[in-house]
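# Descriptive structure summary
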Amino acid sequence: MLTSTQDLLEKAQKYSYAVGAFNLYNLEGAKAVVNAAEADSSPAIIQVLPHILKYGGSPLMALFLEAADSATVPMSVHLDHCEDSAVIEMALAAGIQSVLADGSKFSYQENLSFTREMTALAHAKGATVEAEIGRISGTEDGMTVAEKEAKMTDPGQAKEFVEKSGVDFLAVTIGNVHGQYHSEPRLDFERLAKVRQQLDIPLVLHGASGLPALMIRRSIELGVCKFNVNTEVRQKYLQFWREYGKTDSQRDLLDCQKASTDAMQEVVAQKIRLFGSAGKA
Ligand code: 13P
């Protein structure tokens, strides 16, 4: 059933687990997440990136909303990483009740005023907003330690940012990266603990693909209630089709769609169990 992200994350925060937010592209992805969440009685979040939404338009949005609503477990639909106020307005108008107003590439002040404006807009429509402070990289390559630290969330700034913007959830940058970790992931848990001391809203960690179980657990202990996952599920899907392309199989397309769904579902199920949300629906 379609539920608010706020309800999902408040419950996760109260009972010390996290909800997986999975970046999806199509029907197979939606079925993979719904099937995995239902099989494990877990809440889950369907996430969509603005360029995917642009490609799929209202049919894709309707598909995700309907997939979440017809699930037997609580699910929400969330617009991920959006820095365009027009797209946020369009998503809200279409029924998406949860957005990441991403001003992280702007200066602190510009990020604050963008987030404040988007939060007021979303709240007026009964929707909730995630913001990002610090800048999550695409890769760790080529950055010095000082450069990495400069991009991380400053706990004092985070407190001020949340107070002034009125945002509902905060994505933190503590060494997490989008995409593959090219070396052993290193998360700054001291920094996360300081952010937690300053704030009591649900925290979000992006770049959960490739994070080991111990880091996931520690992040949850320190207040992370939502993990974003894209790469691992997407790679599994692409790997399926790559392998299919190498065979001269005459398999029916529908069988392939089902098999690619199953492949993604396995990854989603692993994440759900890792995040501790199984049985929490
Ligand atoms: P990964 O691609 O590293 O899983 O990160 C996804 C993400 O954070 C989307 O916002």
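Our subject in this report is the structure included herewith. This structure is a prediction, so every number in the text was calculated from the model and none was measured.

### Considering the sheet that holds strand E8 (residues 224-229)
By definition, the strands of a sheet pair up through backbone hydrogen bonds, in either a parallel or an antiparallel sense. Overall, parallel pairing links the 8 strands, which are arranged E1-E2-E3-E4-E5-E6-E7-E8 in a closed barrel. Adjacent strand axes in the sheet meet at a mean angle of 25° when their direction is disregarded. Bridge analysis of strand E1 (residues 19-23) against E8 gives 4 bridges, and the strand direction is parallel. Residue pairing across strands places Phe22 opposite Val229, the latter belonging to E8. The strands that helix H4 (residues 85-93) touches are strand E3 (75-82) and strand E4 (98-101); relative to E3, the one it contacts most, it runs at about 170°.

### Thoughts on the site of the ligand
The full set close to the ligand counts 13 residues, and Asp80, Gly207, Ser209, Asn230 and Thr231 are the nearest of them. At 2.5 Å from an oxygen atom of the ligand is found a side-chain nitrogen or oxygen belonging to Ser209. Against a free-state accessible area of 310 Å², the protein chains account for coverage of 96% of the ligand. Elements that contribute at least two residues to the shell around the ligand include exactly E3 and E8. Considering only residue class, the shell around the ligand consists of 2 nonpolar, 10 polar and 1 charged.

### Comments concerning the packing of helix H5 (residues 108-124) against helix H7 (residues 155-165)
Packing of H5 against H7 brings their axes to within 9 Å, and their N-to-C directions diverge by 35°. Viewed along their axes, H5 and H7 form a crossing whose handedness is right-handed. Mapping the contact onto sequence places Tyr108, Asn111, Leu112, Thr115, Arg116 and Thr119 in H5 and Gln157, Glu160, Phe161, Lys164 and Ser165 in H7. Here the contact of H5 with H7 is built from residues that sort into 3 nonpolar, 5 polar and 3 charged.

What counts and what doesn't
Numbering of residues begins from 1 in every chain and follows the order in which that chain's sequence is written. Confidence filtering applies because this is a predicted model: local features only for residues at pLDDT of at least 70, side-chain atom pairs given and counted only at 80 or more, and all residues used for totals across whole chains, interfaces and linings. Only hydrogens and water are set aside; all other atoms, that is, all heavy atoms of the structure, feed into the side-chain values. Strands pair, by our definition, only if DSSP identifies at least two bridges between them. Secondary structure is summarised from DSSP: a helix means a run of H or I of at least four residues, a strand means a run of E of at least two, and numbering begins at the N terminus for each. Only the stretch in contact is used when fitting a helix axis, every axis being a line fitted to C-alpha atoms; angles between N-to-C directions are given from 0 to 180 degrees. By the convention used here, residues are in contact when the closest approach between their heavy atoms is within 4.5 Å. One heavy atom within 4 Å of a molecule or strand is enough for the residue carrying it to be called near that molecule or strand. Under the rule applied, a polar contact is a pair of N or O atoms within 3.5 Å (in protein, one hydrogen donor and one hydrogen acceptor; residues adjacent in sequence only if both atoms are side-chain atoms). Note on areas: Shrake-Rupley with a 1.4 Å probe; residue coverage comes only from the protein chains shown. We call Asp, Glu, Lys and Arg charged. Ala, Val, Leu, Ile, Met, Phe, Trp, Tyr, Cys and Pro are nonpolar, and the rest, Gly among them, are polar. Throughout, a crossing is termed right-handed when the near helix is turned clockwise from the far one, and left-handed when it is turned anticlockwise from it by less than a right angle.

In short, shape yes, function no, at least from these values alone.
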